Amino acid sequence: MRPDSTDTLRRHEDKNEEADLAANLSEAQQKEITRQVDAYEEELRNTYKRKDDSRIIRRKRRSFYEELVEKADEEEKLNPDILRQEEHDLISTNLWLSLGFIVVFVLAALLVKDRIEQIAGRATTLITHYFSWFYILICTGSLIYLIYLAFSRFGAVVLGEPDEEPEFSDFSWASMLFSAGMGVGLLFWGGAEPVSHYLNPPVGAGRTVEAARQGMVYAIFHWGLHAWAVYVLTAIGVAYYGFRKRKKYLMSSAILDITDRPKVFKALKIFTDFVSTLAVVFGVAAAIGMGVMKIAGGLKHAYKIDASNTTGYVVILLIITALFILSAMTGLKKGIKWLSNLNMTVAMVLMLFVFILGPRLFICKVFVDTIGLYLNELPRLSFKIAPYTPSYEQWMGKWTLTWLTWWIAWAPFVGIFIARISRGRTIREVIAGSLIFPTIFTIAWFSIFGGAALHLEIFGNGGIGSLVTNPKTVTQSLFALLSYFPYSQVTAGISILLLFTFLVTSADSACFAIAMMTTEGDLDPGTGMKVLWGVVLSVLTLILVLGGGIKATSAAALIFAFPFSIVMVLIAVSLTIRLSLQVARRRI
């Protein structure tokens, strides 16, 4: 028999054997598996080109085919009831573990309240010294991975049914996205961070043109693509497994079974949800704490009301707590959506006010210059550790690592929230919208507020530099900047109101997400659970603010970001494996 006839016969036998293996699968599944295996065989033939390699190709094709059939068969066997019971057991464990840990933390914090700031400082130094490379790699890796997803065939996968339309309009979606993910932080640091880097750059002399330009780039690097990449990675994982694979909207749902030992995998899922919940609780408590101090600083600077004390912090926090619990009780489509739209509208009005009455031409030049410099510096900054420059490492611990770990700590909450509001959008739409829009808005915000502040420092007779460099007065920097503009009393009041609404939006979104993570992963969790976590967040925030101020709040986010960064790696691996089994060339 001729060699080509033998090959044809073998292929025919292989096809029959493959058909027998996939007999229990649907016709659509069989076609999809055959398509993937044929593509895989084509790649093998480009690699193995010798005549004797045909056996290797057959063996590898058969092994790959069996693997795909086995995974598809396992998925078919999983019915909704089995999935729900498994997730119910995990959720109950996570709830009590999380509450128990927080109670222990609160008691310990009360016992050593005079040393919270000292302990926080040591923790920050330790993590900065040993794990700076790891956090940079995680955030940069997330961005690269999302770019790959968006431009790959996976980008066409719909987070929902194939013909489902987006639940929210583009404006409402973008408003909720931005309010939950950034809002209050940009108000706090919009003018302060560029000025701080201008006065005290990581390397080189301060108060120079280069320090001003680099100050803007560092600010955008901290708040731009890398921050949102961390959020979106978790969002895509949760949304895909929730909307397409019938699982609960939990972080553990986005992790594939990577071991053949059920008990080990169950422990891994419990660990995933546990560290995700703690990262959210401490990350959001840190953000609320910073917002409370910012509001107190604004009241003191603008209206001479000294609220930077225990009584002032308690009153401000009680008001915020009451508002965000009330908003969370009204649901996603009412309170959170309405507040998010209000936040975005008022923020844009405040931006326009500063732009129109500020140095308009200078701001426009800063905007364009910063975009170019950011794009040019992005590859270098994405991997920059500077182990040969101790001064940069110290600066990096204070700024870059603080922000990157803050975003990681917020990722479970913002990721789940983005997943919840992104139903009906493709993976490509969510990635593009969540990376491009917030980054452009962030550059505009820093160009306007940071540009106006730098203009005062460089060309004016005043500025906010003395406030920014002092941790006790940095909370007054926004209001000091607004005092150089007309109607400063009015704009200060609007800024304080905006701080309140941004905090309320972030906090009620967090309550919404934590309640989902610690109940049944429902899209609309119960009121009682949202109230419970609202109270927990408030108590924890008060302890952090009174015990250690900004250092304690930042250290809390820094510490609990580490275990979740490992979860992010597992999500990326699981998502890639699962998407490879369900792709097509058009929107599916």
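Residues numbered from 1 in each chain as written. Predicted model: local features only at pLDDT ≥ 70, side-chain atom pairs only at ≥ 80, totals over all residues. Heavy atoms only, no water.

### A closer look at the overall build of the protein chain
Within the protein chain one finds 21 helices and zero strands. Taking all 588 residues of the protein chain together, 58% fall into the buried category. Considering only intrachain contacts with a sequence separation of at least 6, the fraction spanning at least 24 residues in the protein chain is 83%. Entry remark: accessible area of the protein chain is about 25100 Å², with carbon and sulfur atoms responsible for 62%. (Helix = DSSP H or I, 4+ residues; strand = E, 2+ residues; numbered from the N terminus. Buried < 20%, exposed > 50% of the residue type's maximum accessible area, 1.4 Å probe, protein only. Contact = heavy atoms within 4.5 Å. Areas by Shrake-Rupley, 256 points an atom, 1.4 Å probe, with all protein chains shown as cover.)

### Re the pattern of salt bridges
Summed over all chains, the structure comprises six salt bridges. Taking the shortest distance from any N to any O, the salt bridge between R423 and E164 comes out at 2.8 Å. A residue pair is termed long-range when its members are at least 10 positions apart, and R423 in the loop between α16 (400-421) and α17 (427-459) and E164 in the loop between α5 (116-151) and α6 (170-181) qualify at 259 residues. Its salt-bridge partner being D170, residue R425 comes within 3.2 Å of it at the nearest N-O pair. Pair noted here: R425 is in the loop between α16 and α17 and D170 is in helix α6, with a separation of 255 residues, a long-range link. Here D170 falls in the exposed class, since its relative accessible area comes to 56%. (Salt bridge = Lys/Arg side-chain N within 4 Å of Asp/Glu carboxyl O.)

### Here's the deal with α17
Between its first and last C-alpha, α17 extends 46 Å over 33 residues, near the 48 Å set by a 1.5 Å rise per residue. Of all the bends in α17, the greatest, near 25°, is centred on G451. Buried residues dominate α17, accounting for 24 of its 33 residues. (Expected span 1.5 Å × (residues − 1). Bend = angle between axes of the 7 residues up to and from the residue.)

### Some remarks on the packing of aromatic side chains
Scanning the entire structure with this criterion turns up 26 aromatic pairs. Through pairs of rings, three or more aromatic residues link up here, namely F188, W189, W223, W228, Y231, W399, W403, W406, W407 and F446. Taking the ring centre of F188 as reference, the NZ or CZ of K294 above it sits at 4.6 Å. The ring of W173 carries the charged tip of R425 above its face, separated from the ring centre by 4.5 Å. (Phe/Tyr/Trp six-rings, centres within 6.5 Å; stacked < 30°, edge-to-face > 60°. Lys NZ or Arg CZ within 6 Å of the ring centre and 35° of its normal.)

### A look at unusual backbone geometry
Residues other than glycine seldom take positive phi values, yet A386 does so here, at roughly 55°. Following the sequence through the fold, A386 ends up in the loop between α14 (360-381) and α15 (390-398). With a phi close to 55°, Y487 is a non-glycine residue in the positive phi region. Here Y487 shows up in the loop between α19 (477-482) and α20 (488-518).

### A closer look at the environment of V368
Its location among the elements puts V368 in helix α14. In the structure, V368 is positioned 75 residues away from I443 in sequence and 9.3 Å away in space, judged by C-alpha atoms.

### Comments concerning the packing of helix α11 (residues 262-303) against α16
Axis separation between α11 and α16 bottoms out at 7 Å; the angle between their running directions is 115°. Of the two elements, α11 crosses α16, and the hand of that crossing is left-handed. Of α16, the residues touching α11 (which contributes S276, A279, V280, G283, V284, A286, A287 and M290) are W406, A409, W410, P412 and F413. By residue class, the composition of the contact of α11 with α16 is eleven nonpolar, two polar and no charged. (Axes fitted to C-alpha atoms, helices over the stretch in contact; angles between N-to-C directions. Left-handed = near helix turned anticlockwise from the far one by under 90°. Nonpolar A, V, L, I, M, F, W, Y, C, P; charged D, E, K, R; others polar.)

### Concerning the side chain of T277
As for its position among the elements, T277 is in helix α11. At a separation of 3.1 Å, a polar atom in the side chain of T277 contacts the side chain of N94. For T277, the side chain forms a polar contact with the main-chain oxygen of D273, separated by 2.8 Å. If we skip the residues at most four places from it in the chain, T277 touches N94, S98, I514, M517, T518 and W533. (Polar contact = N/O pair within 3.5 Å; in protein donor to acceptor, adjacent residues only side chain to side chain.)

### Details of the environment of L404
With respect to the element layout, L404 can be found in helix α16. Judged by relative accessible area, which is 0%, L404 ranks as buried. C-alpha separation for the pair L404 and S132, spaced 272 residues apart in sequence, amounts to 9.9 Å. Ignoring any residue separated from it by four or fewer positions in sequence, one finds L404 in contact with Y135, I136, C139 and H226.

### A word on the packing of helix α8 (residues 192-199) against α17
When two helices pack together, their arrangement is captured by the angle between the axes and the distance separating the axes. Close contact between α8 and α17 brings their axes to 8 Å; oriented N to C, the two are set at 40°. Between α8 and α17, the interaxial angle falls into the category oblique. Seen along the crossing, α8 lies across α17 with a hand that is right-handed. Along the contact surface, α8 presents E193, P194, V195, Y198 and L199, while α17 presents F446, G450, A453, L454, E457 and I458. (Parallel < 35°, antiparallel > 145°, perpendicular 65-115°, else oblique.)

### Focus: a nonpolar patch on the surface
On the surface, W133, L137, I144 and F383 cluster together into a nonpolar patch covering about 450 Å² of accessible area. Note that L137 resides in helix α5. (Patch = residues over 30% accessible without salt bridge, like charges linked within 9 Å, V, L, I, M, F, W, Y side chains within 5 Å.)

### Quick word on the side chain of T402
Here T402 lies in helix α16. Taking the relative accessible area as the measure of exposure, T402 reaches 13% and is therefore buried. Looking at T402, its side chain comes within polar contact range of the main-chain oxygen of K398, at 3.0 Å.

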